[in-house]
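A closer look at the structure
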Amino acid sequence: MTEIPTPDLEHNPVVARIRAWRSQTIAELQSFRGELTLVVREELLALAEFLAGESDLSFTFLSDITGVDRFPIEPRFELNYHLLSITRREVLRLRVLLPGESPVIASVVPVWPTADWHEREIFDLLGVHFHGHPNLRRLLMPDNWEGHPLRKDYPVEGFR
Amino acid sequence: MTTVQTAAGPAQTMVLNMGPQHPSTHGVLRVVLELEGETVIKADSDIGYLHTGIEKTAEALTYSQAITLTDRIDYLAPLSNNLAYCLAVEKLLGLEVPKRAQYIRVLLTELTRIGSHLVWLGTHAIDLGAMSVFLYCFREREELLKLFEVVSGQRMMTSYFRIGGLALEPPTGWMDRVEKIIQTFPARFDEYEELLTQNRIWQARTQGVGILSAADAIALGVSGPSLRGSGVDYDVRKYFPYSSYEEFDFQVPVRTEGDCYARYLCRVAEMRESLKIVRQAMEKITPEGPIRADAPGIVAPQRERMKTEMEALIYHFKIYTEGFAPPPGEVFQRVESPRGELGCFIASDGSPKPYRMKIRAPSFANLQALPRLVERRLIADVIACIGTLDIVLGEIDR
């Protein structure tokens, strides 16, 4: 087992930059195994524009969006945005928490067009809605499918 | 038929279904093409035909059992998937793998890259009418598959990388086979290049076709050789080295044209670079040494020890019945698969099963570039553009 030193979260330049921009955006900072996670309170789209647009941040590459269902914990849904800055060789994870009752979040397709299918997949498998998505349809499951299979309360046994 | 307004006046368009059962879609992909004559106005990919719920299945398996699922995600590069998953779990556990195992992992994943590129080259060429290249590529791939069988016991679904190291000690004499591959393959690559690189038909079918600008590629999340063909040198092996890649000396081929021909050149050059890495790995791998981390309760003990030590027997039983429980937390591990940035996200809740396992499949993002590539091109170019993206539907649909 190797010990990974705990990074100095409060003095991280990206964190400082976001705090200087809008002090209330970051709700929580987490670090696990050397990976930095910013739990974002609101204004995801504005933050996305800021992170991708500012030349000294340039998080222009969205690797992935992963949805996690924490049922029965509230807030139930957790979306992890894995960002990459190619020019600065840096990665960052944004996390938003959404309630189990009608989960809606702003779509980031205007900032990162690659989010199109990632968001459709999460809509399909977890039932999270993305406000402002250009084409929010099921992606992997058939169009007439009922339910969202990756939810933790989705039955995995018996006949449907 | 519907009537649309074009620059030349009203014109009739036709919607054509390409696939899902179409040989050039490399799996089960349906592309809905809106055509004006033979020109593509709009293309829309329809995926999900191979969706088998791998991520959901993983939630019901222990960390060791889920390795077998990762082979089946990208069935042309099973070892790259094994590696991404194992590295993610090892990161979750804070587990260090012995150097010898790391080098063997590097060697085998680089051979996987060559094998995957050979399938790509062969199928891409046959799609565009060059039949002989296909036959040669599969001849060489067979040698690689035989090597994988010698090492792991399986040709394709290897599951050879395990959490904390490797499944088995590679058999005696396997290095001779690797040596033979290193000796013979460069001449074979020359053979393909003789058939294609200066071939006027090949150039006509690929040059200037499917142009993707660097800005578009980044915006669409394209990675791997498809991104490097557009002039961006992002390669996870160089940017965020894993499994001791920082100790290897190799180049990342980059082209700036952004067309199918540039991506072809990138991949062929990449195969040659992979052989360089294999050569270096061979020199680094010592004949003797551990292939598994010393982590009782996580890594299975050696068979011999189980016969004499009670603790080893107990650990063996516990690992294979209830598994092991990493600490709660989330990790995201990137590796460079033959198709691009392959990510494995694992959320642990402190139980012996992954609470959520997600694969960031490179093909999933790369395929989103298809409508951009084929816009205002001929139907024949759609075939070239699907081939050049090197998609594997298994990892797109998971």
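Computed from a predicted structure; not experimentally measured. Along each chain, the written sequence defines residue order, and numbers are assigned to residues from 1. Note on labels: chains are lettered from A, ligands numbered from 1, in written order. At least 70 in pLDDT is required for a residue's local features to be given in this predicted model, at least 80 for side-chain atom pairs to be given and counted, and no such filter applies to totals for whole chains, interfaces and linings, which use all residues.

For the rest of this paragraph, the subject is the overall build of chain A. Each helix and strand in chain A was counted, giving 3 helices and 7 strands. Secondary structure elements are taken from DSSP: a helix is a run of H or I of four residues or more, a strand is a run of E of two residues or more, and numbering for both begins at the N terminus. Mapped from its N terminus to its C terminus, chain A presents α and β elements in the order α-β-β-α-β-β-β-β-α-β. Since a compact globule built from 160 residues should have a radius of gyration of about 15 Å, the 17 Å found for chain A is in line with a globular shape. On the principal axes, the C-alpha backbone points of chain A span a range of 55 × 40 × 30 Å. Sorting the 160 residues of chain A into buried and exposed places 36% on the buried side. By definition, residue pairs are in contact when their C-beta atoms, positioned from the backbone, come within 7 Å. Contacts in chain A between residues far apart in sequence, at least 24 positions, make up 48% of those at least 6 positions apart. With the radius of gyration taken over C-alpha atoms, the globule rule is written as 2.2 Å times the number of residues to the power 0.38. Neighbour density around each residue's C-beta defines its exposure: 20 or more other C-beta atoms within 10 Å make it buried, 12 or fewer make it exposed, and counts between make it partly exposed, where C-beta atoms are placed from the backbone.

In this section: the nonpolar core. Residue and element names in this part refer to chain B. A set of buried Ala, Val, Leu, Ile, Met, Phe, Trp, Tyr and Cys residues, joined to one another through C-beta atoms within 7 Å, is what we call a nonpolar core. Counting residues in each nonpolar core, the largest one holds 151 residues, and the members touching the most others are Ala88, Val89, Ile346, Leu370, Val382 and Cys385. The element contributing the most residues to this core is helix H4 (residues 99–127), with 13 residues. Note: domain ranges come from an automatic or database domain assignment. Lining this core are residues from two domains, each supplying at least three of them: domain 1 (2–46) and domain 2 (54–397).

Residue and element names in this part refer to chain B. Angles shown run from 0 to 180 degrees and are taken between the N-to-C directions of axes, each axis being a line fitted to C-alpha atoms and, for helices, limited to the stretch in contact. The contact between helix H3 (residues 78–93) and H4 brings their axes to 8 Å, and the two run at 140°. With respect to their mutual orientation, H3 and H4 come out oblique. Side by side, H3 and H4 meet where Leu79, Ser80 and Leu83 of the first sit next to Arg105, Leu108, Thr109 and Thr112 of the second. The labels follow the angle: roughly parallel below 35 degrees, roughly antiparallel above 145, roughly perpendicular from 65 to 115, and oblique for the rest.

How big an interface is tends to be stated in terms of the accessible area lost upon association of its parts. Residues and elements named next belong to chain B. For chain B, the assigned domains are domain 1 (2–46) and domain 2 (54–397). For domain 1 versus domain 2, the distance between C-alpha centres works out to 33 Å. Counting residues at the interface gives 16 residues for domain 1, matched by 19 residues for domain 2. Listed by contribution, the elements that provide at least two residues to the side of domain 1 that touches domain 2 are strand S3 (30–36) and strand S4 (39–46). A total of 6 residues in the side of domain 1 that touches domain 2 trace back to one element, the largest contributor, which is S4. Think of it as three bins: nonpolar holds Ala, Val, Leu, Ile, Met, Phe, Trp, Tyr, Cys and Pro, charged holds Asp, Glu, Lys and Arg, and polar takes everything else, Gly as well. The residue inventory of the side of domain 1 that touches domain 2, partitioned by class, reads 7 nonpolar, 6 polar and 3 charged.

The next thing to look at is the interface of chain B and chain A. Of the residues lining the interface, 33 residues belong to chain B; the matching set on chain A comes to 28 residues. At the level of elements, helix H1 (54–58), H3, helix H8 (214–219), strand S7 (329–337), strand S8 (340–348), strand S9 (356–360) and helix H14 (362–366) of chain B are the ones that each hand at least two residues to the side of chain B that touches chain A. For the side of chain B that touches chain A, the class distribution of residues is 15 nonpolar, 8 polar and 10 charged.

So, about the sheet that holds S7(B). Residues and elements named next belong to chain B. Judged by pairing direction, the sheet is antiparallel, and its 3 strands sit side by side in the order S7-S8-S9 without closing on themselves. Looking at the sheet topology across the chains shown, the edges are occupied by S7 and S9. With direction set aside, neighbouring strand axes in the sheet form an average angle of 15°. In this scheme, strands are said to pair when DSSP sees at least two bridges between them. Across 5 bridges, the pairing between S8 and S9 is antiparallel. Note on S9: the bridge partner recorded for Ala347 is Arg356.

Quick look at the environment of B:Leu220 now. For B:Leu220, the location among the structural elements is in the loop between H8 and helix H9 (225–228). A sequence separation of 145 residues divides B:Leu220 from B:Ala365, and the C-alpha atoms of the two residues are 6.8 Å apart. Those residues within four positions of B:Leu220 in sequence are excluded, and the remaining contacts are A:Pro113, A:Thr114, B:Ala365, B:Gln368, B:Ala369 and B:Arg372.

Moving on, we get to the environment of B:Asp46. Residues and elements named next belong to chain B. With respect to the helices and strands, Asp46 occurs in strand S4. A count of 14 C-beta atoms within 10 Å places Asp46 in the partly exposed class. Remark: the alpha-carbon pair of Asp46 and Pro20, spanning 26 residues in sequence, is separated by 8.6 Å. In this structure Asp46 touches Arg30 and Val32, once residues within four positions along its chain are discounted.

Okay, the environment of A:Gly53 next. All names here are of chain A. On the secondary structure map, Gly53 appears in helix H2 (residues 44–53). On the neighbour-count criterion, Gly53 (12 C-beta atoms within 10 Å) is exposed. Along the backbone, Gly53 and Pro75 are 22 residues apart, and their C-alpha atoms lie at a distance of 30 Å.

What follows covers the confidence of the model for chain B. Residues and elements named next belong to chain B. Confidence scores labelled pLDDT are given residue by residue by the predictor and lie between 0 and 100. Averaged over all residues, the pLDDT of chain B equals 89, while 97% of them reach at least 70. Taking the mean pLDDT of every element in chain B, the minimum, 60, falls on strand S1 (residues 2–6) and the maximum, 93, on S8. On the interface metric, ipTM, the complex scores 0.89, and its pTM is 0.90.

Now for the packing of helix H5 (residues 131–152) of chain B against helix H6 (residues 174–196) of chain B. All names here are of chain B. Viewed as axis vectors pointing N to C, H5 and H6 meet at an angle of 165°, and their least axial separation amounts to 11 Å. Taken as axis vectors, H5 and H6 run roughly antiparallel relative to one another. Here H5 and H6 pass one another in a crossing that is left-handed. Residues Ser132, Val133, Tyr136, Glu140, Glu143, Leu147, Val150 and Val151 of H5 lie in contact with H6, whose contacting residues are Trp174, Arg177, Val178, Ile181, Phe185, Arg188, Glu191, Tyr192, Leu195 and Leu196. Here the residues of the contact of H5 with H6 are counted per class, giving 12 nonpolar, 1 polar and 5 charged. A clockwise turn of the near helix away from the far one marks a right-handed crossing, whereas an anticlockwise turn of less than a right angle marks a left-handed crossing.

In this chain, A:Phe71 is followed by A:Pro72 through a cis amide linkage whose omega measures 0°. Mapped onto the secondary structure, A:Pro72 falls in the loop between strand S3 (61–69) and strand S4 (77–85). The omega torsion of the bond from A:Glu74 to A:Pro75 falls at -5°, within 30 degrees of zero and hence cis. Structurally, A:Pro75 is set in the loop between S3 and S4. The backbone phi angle of B:Ser244 is positive, close to 65°, even though this residue is not glycine.

This paragraph deals with the sheet that holds S4(A). Residue and element names in this part refer to chain A. The strand order across the open sheet formed by 5 strands is S1-S2-S5-S4-S3, and the pairing between neighbours is mixed. Each edge of the open sheet is held by one strand with a lone partner, namely strand S1 (26–32) and S3. The sheet shows a mean angle of 20° between the axes of neighbouring strands, taken without regard to direction. By the bridge criterion, 8 bridges tie S3 to S4 in an arrangement that is antiparallel. Counted as the bridge partner of Asp69 is Phe77 from S4. The sheet strands contacting helix H3 (residues 115–126) are S3 and S4, and the helix crosses S3 at an angle near 5°.

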